[in-house]
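Residue-level listing of the chains:
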Amino acid sequence: RTVYVNGVFCPEDEGKVSIFDRGFLFADAVYEVVSVLDGKLVDFAGHMARLARSLGELAMAAPTSDDELLAIHRRLIAENALEEGAVYLQVTRGPADRDFLFPPQDTKPSLVLFTQAAALRDKPAARTGIRVVTLPDLRWQRRDIKTVQLLYPSMAKTEAKRRGADDAWMVEDGCVTEGSSNNAYIVDAGGKLVTRPLSHAILPGITRIAVLRLAAESGIAIKERPFTVDEALAAKEAFISSASSFVMPVVEIDGQPIADGRPGEITRRLRAIYIEEALKTAI
Ligand code: PLP
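Since this is a predicted model, take the numbers as computed values, not measurements.

Enquirer: What should I look at first to understand the domain arrangement of the protein chain in this one?
Expert: By convention, interface size is frequently given as the accessible area that disappears when the constituent parts associate. Partitioning the protein chain into structural domains gives domain 1 (2-117) and domain 2 (124-281). Using only C-alpha atoms to locate each centre, domain 1 and domain 2 end up separated by 26 Å. Tallying the contact residues gives 21 residues for domain 1 and 13 residues for domain 2. At the level of elements, strand 3 (29-37), helix 2 (44-57) and strand 5 (85-92) are the ones that each hand at least two residues to the side of domain 1 that touches domain 2. With eight residues, strand 3 is the single largest residue contributor to the side of domain 1 that touches domain 2.

In structure tokens form, the structure reads like this:
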């Protein structure tokens with residue numbers, strides 16, 4: 001694979017970052033994952049807008065312009081002949097002598113990008129649904145910033161696998177915040193789509209924006225409010241959304257089936273509409 005590291009396109013085993021990089025020492029870094037369908041980027045502008053927001057919240061300099069970032073994404077896709085998968089982008093505050101204090105503003109940010117090939121459209125899990133377990137949300141209180149502090153979500157997903165499930169739904173004050181790397185939704189008894197409103201408690205998913213818009217356009221009633229684990233267990237349907245899973249049904253929570261234990265009607269419809277639109281609008 002060809003990767004991009006600070007201005008250079010090179011083979012993946014030649015890409016180097018300093019051991020003093022603050023991304024490595026302090027998780028002082030933000031990232032984005034843009035999915036690729038038919039060699040094109042899905043919702044690139046949305047991901048760049050969130051990147052700018054993450055950088056702004058941490059007073060971190062933008063590494064380069066969005067146009068340049070688009071050119072880098074496209075060159076990696078071309079060089080790696082990527083048809084389906086994702087482009088990962090990470091910006092760190094850059095290398096500096098180890099100190100908790102942010103280094104001077106002229107520290108050069110590090111910019112790293114690489115591609116990952118993966119089947120996104122035809123995932124067996126999209127037909128069968130995934131199983132989740134609930135775990136306490138032990139992350140920090142600014143989950144709206146897409147930082148690379150992914151240790152707890154990583155622990156949670158590993159614990160979920162250990163318990164025979166596919167992912168974790170994290171819970172705070174009795175309500176589901178989100179999945180380890182995705183936003184969480186249920187369809188309640190009245191057929192309403194319920195998902196937690198944006199706040200510091202969750203990541204503002206780029207896929208979430210599209211899902212809510214497409215649901216509204218399809219005449220599905222939406223209520224943005226926190227929901228409890230008990231409500232989720234009693235729901236008609238449950239699903240997650242993210243750039244790499246699109247819309248993915250959840251059919252079991254803590255070992256209990258949701259409704260008949262099969263992917264729900266609204267979930268399947270939203271997945272189909274989402275993919276259709278992603279293919280149409282990818283650049
Ligand atoms: N929530 C968390 C914690 C995430 O890590 C992610 C994506 O990685 C999402 C939600 C979904 O965001 P997006 O739809 O932009 O991929």
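Enquirer: Which parts of the structure should I look at to understand the site of the ligand?
Expert: The environment of the ligand is formed by 13 residues, the closest being L203, G205, I206, T207 and A243. Mapped onto the shell around the ligand, the elements with two or more residues apiece are helix 6 (206-217) and strand 13 (237-242). Counting residues per element, the shell around the ligand draws most heavily on helix 6, at three residues. In the shell around the ligand, the residues fall into four nonpolar, seven polar and two charged.

Enquirer: In this structure, what is going on with the pairing of strand 9 (residues 175-179)? I would like to understand it.
Expert: The side chains of a regular strand alternate between both faces of the sheet. Burial analysis of strand 9 places four of its five residues in the buried class, which makes it a mostly covered element. Two elements, strand 8 (residues 167-172) and strand 9, share three bridges in a ladder whose sense is antiparallel. The residue of strand 9 that forms the bridge with V171 is V176. The hairpin turn running from strand 8 into strand 9, its antiparallel successor, is two residues long, and D173 in that turn takes a positive phi close to 50°.

Enquirer: Would you explain helix 2 in this entry?
Expert: Every α-helical turn comprises 3.6 residues, leaving residues that sit three or four positions apart pointing alike. Its 14 residues place the ends of helix 2 20 Å apart at the C-alpha level, agreeing with the 20 Å of an ideal helix rising 1.5 Å per residue. Check the buried side of helix 2 and you find it contacts strand 3, strand 4 (40-41), helix 3 (66-79) and helix 6. Remark: A59 follows helix 2 within two positions and exhibits a positive phi of approximately 50°.

Enquirer: Please clarify how the packing of helix 6 against helix 8 (residues 265-281) should be interpreted in this entry.
Expert: Closest axis-to-axis distance for the helix 6/helix 8 pair is 10 Å, and the angle between their directions is 110°. Compared by their axis directions, helix 6 and helix 8 come out roughly perpendicular. By crossing handedness, the relation of helix 6 to helix 8 is classed as right-handed. For the pair helix 6 and helix 8, the contacting residues are A210, V211, L214 and A215 in the first and L270, I273, Y274 and E277 in the second. Among the residues making up the contact of helix 6 with helix 8, the classes are represented as seven nonpolar, no polar and one charged.

Enquirer: Sorry if this is basic, but what is going on with the nonpolar core here?
Expert: Across soluble globular proteins, nonpolar side chains show a tendency to be buried alongside one another. Ranked by internal contacts, the top residues of the largest apolar core, which has 38 residues, are V132, A168, I186, A238 and V250. Broken down by element, this core gets its largest block of residues, six residues, from strand 14 (residues 246-253). Among residues more than four places away in sequence, those in contact with A168 are V132, V133, L135, A156, K157, E159, A160, G179 and S180. With 25 residues, the next largest nonpolar core counts M60, L69, L111 and A278 among its residues.

Enquirer: Even after reading the chapter, I still don't get the pairing of strand 8, so can you show me in this structure?
Expert: The sheet contact formed by strand 7 (residues 130-136) and strand 8 spans five bridges and is parallel. Looking across to strand 8, one finds that T134 is bridged to W169. Regarding the hand of the β-α-β motif, the stretch spanning strand 7, helix 5 (residues 151-162) and strand 8 is right-handed.

Enquirer: Is there a simple way to explain the environment of D38 in this structure?
Expert: Structurally, D38 is set in the loop between strand 3 and strand 4. For D38, a count of 11 C-beta atoms within 10 Å gives the class exposed. For the pair D38 and E83, spaced 45 residues apart in the sequence, the C-alpha separation amounts to 4.8 Å. Here D38 is in contact with E83, L279 and A282, once residues within four sequence places are set aside.

Enquirer: How do you make sense of the environment of A62 when you look at a structure like this?
Expert: Mapped onto the secondary structure, A62 falls in the loop between helix 2 and helix 3. For A62, a count of 15 C-beta atoms within 10 Å gives the class partly exposed. Taking the C-alpha atoms as reference, A62 lies 8.8 Å from L51; in sequence the two are eleven residues apart. In contact with A62, not counting residues within four places along its chain, are A52 and L55.

What counts and how
Residues numbered from 1 in each chain as written. Predicted model: local features only at pLDDT ≥ 70, side-chain atom pairs only at ≥ 80, totals over all residues. Domains from an automatic or database assignment. Contact = placed C-beta atoms within 7 Å. Helix = DSSP H or I, 4+ residues; strand = E, 2+ residues; numbered from the N terminus. Near = placed C-beta within 6 Å. Nonpolar A, V, L, I, M, F, W, Y, C, P; charged D, E, K, R; others polar. Buried ≥ 20, exposed ≤ 12 C-beta atoms within 10 Å, placed from the backbone. Pairing = 2+ DSSP bridges. Expected span 1.5 Å × (residues − 1). Axes fitted to C-alpha atoms, helices over the stretch in contact; angles between N-to-C directions. Parallel < 35°, antiparallel > 145°, perpendicular 65-115°, else oblique. Left-handed = near helix turned anticlockwise from the far one by under 90°. Core = buried A, V, L, I, M, F, W, Y, C linked by C-beta atoms within 7 Å. Right-handed = clockwise from strand over helix to strand, strands pointing away.

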